[in-house]
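Descriptive analysis of the structure
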Amino acid sequence: MSRKLLKQVVLASEQPPRTGRLVLRCYAFVTAAFYLFLHWIAHPYRRSIALRHQQPGAGAEELPVVSIIVPARNEEANIWRCVRSLLLQDYPGDYEVIVVDDGSTDHTRAILERLASEPAAAGRLHLVSLREELPPGWAGKPHALHAGTCQARGTWLVFTDADSFWAPQTLRLTLSEALARDLDLLSLVPEQVLVDGWNRLTLPLALMGMSLQFPPPLVNLPCSPLATANGQYILLRRSVYEALGGYARPELRGSPLDDRDLAAVVKRLGYRLALGDGRGLVHVQMYRGLPALWRGWRKTIFVGSGGLPFMVAALLGLPLVVVVPFLLPLLLWLGRSWWRQQGVGTGEAALVTGLTLLPLLAYRRSLDKSLGLPWYQALTHPLAGLLFMGMLAQACWYRLTGRGVEWRGRVYGARSRLPLDRRARGRLFRCLGPHSH
């Protein structure tokens, strides 16, 4: 017995460590859980309230006056389509459209003046012009929205972007929905117009990141502290806007993410908000071409993140959940001898690959179908991840060096342009170094 026991001890001591197998299993389960959460909870459209088939619940005489406010800065490519769609709403009540020209240097103002001469604009379209310089402490869009609300006469306000355009029934259905649900703020996740391959490549991943931070079911849950809104469509009671101090409120006037921060204040003060599915109602064409797309998403990453540590964490985590799952079959096959030593056989390698990839592909198929994209678009998932890693890396560098990001001729988040000092270098090494805590 003693010799047999000794032999077992020797054999056990010769077994290779199984750390690799454990890490592989943990990675597969975490990745699967991540995409299952996205698929069932944080889907940007599936779990938002649906509005397209709702019928108005009030008669024309009961519908309030609505003021639609559009901030516009150098929007000559979009402003005609946007404003025309707003003037052609089938809303049976009274409404007005206020366009705030925020110091545009292109042909935006001339286009607006031509629109103002059309019959549909008579008595309904109002133009407000702002000078180029902002008052101290104000960001551009909050200041433009504040200027527009000062001219508004509606008891409900709608904030929308100049790169959006609406279906004729949008205002009627959303206002009726807000009244029926007794909401104070209703925002929509719009239908995206994907004009080129770069938009089709990047938008699914961008929506994934935004809905991961703010899952619609949790945003719509009154007891949840999570709150956000989409600035491309925000419907808001004027009484609520004035009660919270509007965009003149100190924490809102300088906000580079005015929509999210407005929703946070509304919910924190106990008012009711909801995030709805805007497909078929509000369409948005955000960027044209890679340079504009890169600048736009880089700006969103820069101002919308939780600071440098969050951006570094996202930069390190993004390849693990976006790129590595597609490389995993190749890595398992190339290193099959080593994985066998770790106790991972062919069957387990196939199981781990399926556990990692199938939830990812199921989520992407659902999201791509919502966006009108073909099934094979899911195969571009890792390419989009690499592109966003580049944007994240650049945003991290801009945050670290204090140079800020430029958008529409204005710079956000800039500090004094000084050389990178010892303290800044120390922060960089703590964030990126192997022994960071």
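Residues numbered from 1 in each chain as written. Predicted model: local features only at pLDDT ≥ 70, side-chain atom pairs only at ≥ 80, totals over all residues. Heavy atoms only, no water.

Looking at an unreviewed UniProt entry, the protein carries the name Glycosyl hydrolase, with the source organism given as Thermogemmatispora aurantia.

**Re the overall build of the protein**
In terms of regular secondary structure, the protein is built from 18 helices and eleven strands. Residues classed as buried in the protein amount to 52% of the 437 residues present. When contacts within the protein are restricted to residue pairs at least 6 apart in sequence, long-range pairs at least 24 apart make up 82% of them. Entry remark: accessible area of the protein is about 20800 Å², with carbon and sulfur atoms responsible for 61%. (Helix = DSSP H or I, 4+ residues; strand = E, 2+ residues; numbered from the N terminus. Buried < 20%, exposed > 50% of the residue type's maximum accessible area, 1.4 Å probe, protein only. Contact = heavy atoms within 4.5 Å. Areas by Shrake-Rupley, 256 points an atom, 1.4 Å probe, with all protein chains shown as cover.)

**Examining helix 13 (residues 308-322)**
In this model, helix 13 (15 residues) spans 21 Å end to end at C-alpha, consistent with the 21 Å of a helix rising 1.5 Å per residue. Its maximal kink placed at Leu316, helix 13 deviates by approximately 30 degrees, while the proline Pro319 follows within four residues. If you check which residues of helix 13 are buried, you get Leu308, Met311, Val312, Leu315, Leu318, Pro319, Val321 and Val322. (Expected span 1.5 Å × (residues − 1). Bend = angle between axes of the 7 residues up to and from the residue.)

**Looking at the pattern of salt bridges**
Per the counting criterion, the structure on display carries 19 salt bridges. For Arg181, the salt bridge goes to Glu177, with nearest N and O atoms at 2.4 Å. Of this pair, Arg181 and Glu177 both sit in helix 6 (residues 170-181), four residues apart, which is roughly one turn of that helix. According to the relative accessible area criterion, Glu177 is buried, its value standing at 6%. Here Arg237 ties to Asp182 by a salt bridge, and the two come within 3.2 Å at their closest N and O atoms. You can see Arg237 sitting in strand 8 (residues 234-237) and its partner Asp182 sitting in the loop between helix 6 and strand 7 (185-192), a full 55 residues away along the chain. Connected through salt bridges with shared partners, the residues Arg21, Arg25 and Glu348 form a single ionic network. (Salt bridge = Lys/Arg side-chain N within 4 Å of Asp/Glu carboxyl O.)

**A short note on the nonpolar core**
Counting residues in each nonpolar core, the largest one holds 74 residues, and the members touching the most others are Tyr35, Phe159 and Leu236. Here this core takes nine residues from helix 17 (residues 381-401), the largest share from any one element. If you count residues domain by domain, this core takes at least three from each of domain 1 (16-41 + 307-397) and domain 2 (62-288). By size, the runner-up hydrophobic cluster in this structure holds 38 residues, among which are Ile49, Leu86, Leu186 and Val284. (Core = buried A, V, L, I, M, F, W, Y, C linked by side-chain atoms within 4.5 Å. Domains from an automatic or database assignment.)

**A short note on the UniProt feature "transmembrane region" (unreviewed entry) in the protein**
When the UniProt feature table is mapped to this numbering, "transmembrane region" (unreviewed entry) covers residues 22-42, 308-332, 344-363 and 383-400. For residues 22-42, helix accounts for 90% and strand for 0%, while the C-alpha atoms at its two ends are 28 Å apart. Taken end to end, residues 308-332 comprises 96% helix and 0% strand; its first and last C-alpha atoms sit 34 Å apart. (UniProt positions renumbered as here; feature names shortened; annotations may be inferred.)

**Focus: the environment of Ala393**
By secondary structure assignment, the location of Ala393 is in helix 17. Distance in space between the C-alpha atoms of Ala393 and Arg298 is 9.4 Å, their sequence separation being 95 residues.

**A look at the packing of aromatic side chains**
Enumeration according to the criterion identifies ten aromatic pairs in this entry. For the pair Phe159 and Tyr241, a centre-to-centre distance of 5.9 Å together with 65 degrees between the ring planes defines the contact as edge-to-face. Of this pair, Phe159 sits in strand 5 (residues 156-159) while Tyr241 is found in helix 9 (residues 238-243), placing the two residues 82 residues apart along the sequence. A ring pair is formed by Tyr287 and Trp297, whose centres lie 5.8 Å apart and whose planes are at 75 degrees; its orientation type is edge-to-face. Here Tyr287, found in the loop between strand 9 (273-284) and helix 12 (290-304), pairs with Trp297, found in helix 12; they are ten residues apart in sequence, far enough to count as distant. Residue classification places Tyr287 among the buried positions, given a relative accessible area of 9%. An aromatic cluster is defined as three or more aromatic residues linked by ring pairs; in this entry it consists of Phe34, Tyr35 and Tyr363. Over the ring of Phe302 we find Arg399, and its NZ or CZ is 4.3 Å from the ring centre. (Phe/Tyr/Trp six-rings, centres within 6.5 Å; stacked < 30°, edge-to-face > 60°. Lys NZ or Arg CZ within 6 Å of the ring centre and 35° of its normal.)

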